[in-house]
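Next come the chains, spelled out residue by residue.
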Amino acid sequence: MSSIVEAVGLEKTYRRRRGDDVHALRGLELTVGEPGAVHGFLGPNGSGKTTAIRCLLGLIRPTSGEVRVFGVDATERFHEVAHRVGAIVESPKMFPNFTGRKNLSLLAQIYKLPSTEVDRVLEIVKLDGRDGDSFGSYSLGMRQRLAIAGALLKDPELLILDEPANGLDPAGIAEMRDLIRSVANQGTTILVSSHQLSEIEQVCTEATIIYNGLVVESGSLADIRARHGAVDVVVGIDQPERAVQVLGAAGMAATARPSSPSGELEGLPQITVDVAPTDAARVTKVLADNGLYLSELRIEASTLEDAFFRLTAPPSPTAVDRVGVPA
């Protein structure tokens, strides 16, 4: 079976008369293949996420490369699979003076869908009790949820969300997280772009990280963390200064940290060692070989954020999403 989304060698260059062309995508590779998966599409602002999504939806033409959705060339024939795809790109557009229900009803008429579909999606996004209020009176979180309701009207197999939690308060972010989980649990594949890593880590099982228009990593979150995340080994030891020197000589960065706050080890000096996951066991060996013995050891696991910042570290490129140029 072909992948749900596949981009191969995707490039997009914005030509400018003054000659300083903007290279938004530089050979992007992207594959989303699992039905019901939530695939995170991650990158700093200006990395090319929105440009890539617009190419996927046939909204802009790539300079070169191929992009397929459900096996169809999205550049030329996206209309053939449009009924299978729901999407929100940037800020939701609705009539501010119309009620939430009226906005959705107009969309349903365009799609030639029965009014029962409006009831269905309002319940999914938990706006069935506020559907009589005007869109203009909605909070930002409610507007985002109504926009997702509109995207779900077609009961799509693929839902593409571009920064759905952008600008939301903590409560709105939590609501968006729960909504994404709920939709995915119904079997819809979701491609969600974001730079809010802590949220992505809670809803996604796989991700593609892009930087300056290129993919720098892709795979399951567990694999990405294992390959690129840092592991902090916290060591309780009675000669922290010497331990830092010994570990430094062995090529492992170590720093002193506050003593253990509670328990039997209260007051014990501690150091933190920043090592790759595969090197964690070396800490005890290097210290023991130098006559230093541990009284405490624990490992603080790496996060997606650790991996992200390592993969998108300086040197910083020129931002590709400049004023007036689609991101």
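**Some points on the packing of aromatic side chains**
- Summed over all chains, the structure comprises three aromatic pairs.
- Ring centres of Phe-95 and Phe-98 lie 5.1 Å apart, and the angle between their planes is 40°; this geometry places the pair in the tilted category.
- For Phe-98, a relative accessible area of 32% puts it in the partly exposed group.
- Over the ring of Phe-70 we find Arg-84; its NZ or CZ atom is 3.8 Å from the centre of that ring.

**Section: the packing of helix α5 (residues 140–152) against helix α6 (residues 170–185)**
- Taken N-terminus to C-terminus, the directions of α5 and α6 make an angle of 15°; their axes are 11 Å apart at the nearest point. Classified by the angle between their axes, α5 and α6 sit roughly parallel to one another. The interaxial crossing formed by α5 with α6 has right-handed handedness. Taken together, the residues of α6 that come into contact with α5 (itself represented by Gln-144, Arg-145, Ile-148 and Leu-152) are Glu-175, Met-176, Leu-179 and Val-183.
- Tallied by class, the residues present in the contact of α5 with α6 amount to five nonpolar, one polar and two charged.

**Description of the sheet that holds strand β2 (residues 22–32)**
- A sheet is described by the order of its strands in space; here four strands give the open sequence β2-β1-β4-β5, paired in antiparallel fashion. Strand pairing shows two members of the sheet lacking a second neighbour, β2 and β5 (72–73), which therefore form its edges.
- As defined by bridge partners, strand β1 (residues 5–14) adjoins β2 across eight bridges and the pair is classed as antiparallel. Along β2, the bridge assignment pairs Glu-11 with Arg-26.

Conventions used here
Residues numbered from 1 in each chain as written. Predicted model: local features only at pLDDT ≥ 70, side-chain atom pairs only at ≥ 80, totals over all residues. Heavy atoms only, no water. Phe/Tyr/Trp six-rings, centres within 6.5 Å; stacked < 30°, edge-to-face > 60°. Buried < 20%, exposed > 50% of the residue type's maximum accessible area, 1.4 Å probe, protein only. Lys NZ or Arg CZ within 6 Å of the ring centre and 35° of its normal. Axes fitted to C-alpha atoms, helices over the stretch in contact; angles between N-to-C directions. Helix = DSSP H or I, 4+ residues; strand = E, 2+ residues; numbered from the N terminus. Parallel < 35°, antiparallel > 145°, perpendicular 65-115°, else oblique. Left-handed = near helix turned anticlockwise from the far one by under 90°. Contact = heavy atoms within 4.5 Å. Nonpolar A, V, L, I, M, F, W, Y, C, P; charged D, E, K, R; others polar. Pairing = 2+ DSSP bridges.

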